[in-house]
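Architecture and fold: a report
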2 protein chains.
Amino acid sequence: MDIVNIVQKLSLFNEFWSPKIVGELNNSYVKVAKLKGEFLWHSHENEDELFWIIKGTLLIKFRDKVALIKEGELIIIPKGVEHMPVAEEEVHVVLIEPISTLNTGDIVSERTVENLAKI
Amino acid sequence: MDIVNIVQKLSLFNEFWSPKIVGELNNSYVKVAKLKGEFLWHSHENEDELFWIIKGTLLIKFRDKVALIKEGELIIIPKGVEHMPVAEEEVHVVLIEPISTLNTGDIVSERTVENLAKI
């Protein structure tokens, strides 16, 4: 039963768009990630996804609107909803989502990361 | 799909030991709570429980040790593990746990809160 310091975990790596696992509960992972630039349009067929902004401002594009999520704010994206995260400046986030969740959802591309590291 | 500001949600109420629901994902709730004083020994038979400290320092007693969790830190308490949260000074937390989770776990007492408010 570890005590996890989120900012300390985020200091351990520098890659963008490469989530790291920092905890597990009820068949979900708690992950941290650094984001910069545009990701890609995708959705998660069976998984709701929580983004909690630790640093910076994340823009998430949806097909019908755009959400701007600031430091200290979170958003839950329901399963099936297409979205594209965009980080104009570097953004640090916590993600909470089922163990089965792939970062690129229904898309497999060079941005897909499988076998996430635990830190 | 709401954007949730955790500190703003915590400003909406003053009761201690009365978690409020601020989000839902994958059959779990995201809750906020204010804690002060001792709670009670309990465990959650089937539910892992995440405590994320937003303000203050939370002490959690276990049968074999004590954990001190500070602002910006989180701990995940596995199902079945007896624990007693103690907030010597006021503590603000985010809790993430299955919808089925009762605050007092296997104990029903005057500290039990059913039918949590959504804020």
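Residues numbered from 1 in each chain as written. Chains lettered and ligands numbered in written order. Predicted model: local features only at pLDDT ≥ 70, side-chain atom pairs only at ≥ 80, totals over all residues.

Comments concerning the overall build of chain A
A tally of regular secondary structure across chain A gives one helix and eight strands. In chain A, the succession of helices and strands from N to C terminus is β-α-β-β-β-β-β-β-β. Taken along the three principal axes of its C-alpha coordinates, chain A extends 40 × 30 × 25 Å. For chain A, contacts bridging at least 24 residues in sequence account for 66% of all contacts bridging at least 6. (Helix = DSSP H or I, 4+ residues; strand = E, 2+ residues; numbered from the N terminus. Contact = placed C-beta atoms within 7 Å.)

Remarks on the pairing of strand 4 (residues 49-55) of chain A
All names here are of chain A. Summarising burial for strand 4: five of the seven residues are buried, a large majority. Across four bridges, the pairing between strand 4 and strand 7 (residues 73-77) is antiparallel. From the neighbouring strand, tryptophan 52 faces strand 7, where its bridge partner is leucine 74. The sheet contact formed by strand 4 and strand 8 (residues 83-98) spans five bridges and is antiparallel. Directly across from leucine 50, in strand 8, lies its bridge partner isoleucine 96. (Buried ≥ 20, exposed ≤ 12 C-beta atoms within 10 Å, placed from the backbone. Pairing = 2+ DSSP bridges.)

Examining the relation of the copies chain A and chain B
Here chain A sits on chain B after a turn of 180° about the axis and a move of 0.0 Å along it, with an RMSD of 0.0 Å. Given the turn and translation reported, the copies of this chain are related as if by a two-fold rotation axis. Comparing interface residues between copies, 100% of those in chain A also sit at the interface in chain B, which points to an isologous, same-surface contact. (Least-squares fit on C-alpha atoms with pLDDT ≥ 70 in both.)

A few points about the confidence of the model for chain A
Of the residues in chain A, 100% reach a pLDDT of 70 or more, and the chain-wide mean stands at 96. This complex was scored by the predictor with a pTM of 0.94 and an ipTM of 0.93. (pLDDT = per-residue confidence, 0-100.)

Focus on unusual backbone geometry
All names here are of chain A. Although it is not a glycine, tryptophan 17 adopts a positive phi angle of roughly 60°. If you trace the backbone, tryptophan 17 turns up in the loop between helix 1 (6-10) and strand 2 (20-25). Non-glycine residue asparagine 115 carries a positive phi angle of around 50°. For asparagine 115, a count of 4 C-beta atoms within 10 Å corresponds to the exposed category.

Quick notes on the interface of chain A and chain B
On the chain B side, the residues contacting the 24 residues of chain A number 24 residues. Broken down by secondary-structure element, the contributors of at least two residues to the side of chain A that touches chain B are strand 1 (3-5), helix 1, strand 2, strand 6 (66-69), strand 7 and strand 8 of chain A. Take the side of chain A that touches chain B: its biggest share by element is five residues, from strand 7 of chain A. For the side of chain A that touches chain B, the residue count by class is 16 nonpolar, five polar and three charged. Bridge count for strand 7 of chain A against strand 1 (residues 3-5) of chain B is three bridges, and the pairing is antiparallel. The residue bridging isoleucine 75 of chain A from the neighbouring strand is isoleucine 3 of chain B, located in strand 1 of chain B. (Nonpolar A, V, L, I, M, F, W, Y, C, P; charged D, E, K, R; others polar.)

So, the nonpolar core
With 54 residues, the main nonpolar core has Phe51, Leu58 and Val93 of chain A together with Phe51, Leu58 and Val93 of chain B as its most contacted residues. In this structure, phenylalanine 51 of chain B is in contact with Leu58, Ile69, Leu74, Ile75, Val93 and Leu95 of chain B, ignoring residues within four places of it in sequence. (Core = buried A, V, L, I, M, F, W, Y, C linked by C-beta atoms within 7 Å.)

Some details on the pairing of strand 7 of chain A
Within strand 7 of chain A, five of the five residues are buried, which leaves it mostly tucked inside the rest of the structure. Where burial is concerned, the two faces of strand 7 of chain A agree: the one with Glu73, Ile75 and Ile77 of chain A and the one with Leu74 and Ile76 of chain A are both buried.

A closer look at the environment of valine 4 of chain B
Examined against the element boundaries, valine 4 of chain B turns out to sit in strand 1. In sequence terms valine 4 of chain B and glycine 23 of chain B are 19 residues apart; their C-alpha atoms lie 8.0 Å from each other.

Focus: the environment of isoleucine 6 of chain B
Mapping isoleucine 6 of chain B onto the fold places it in helix 1 (residues 6-10). With residues near it in sequence (within four places) discarded, isoleucine 6 of chain B still touches Gly72 and Leu74 of chain A together with Val32, Ile54 and Val94 of chain B.

What about the environment of tryptophan 52 of chain A?
All names here are of chain A. For tryptophan 52, the position within the fold is in strand 4. A C-alpha to C-alpha distance of 19 Å links tryptophan 52 and leucine 116, two positions 64 residues apart in sequence. Discounting residues that sit within four places of it in the chain, tryptophan 52 has contacts with Leu74, Val93 and Val94.

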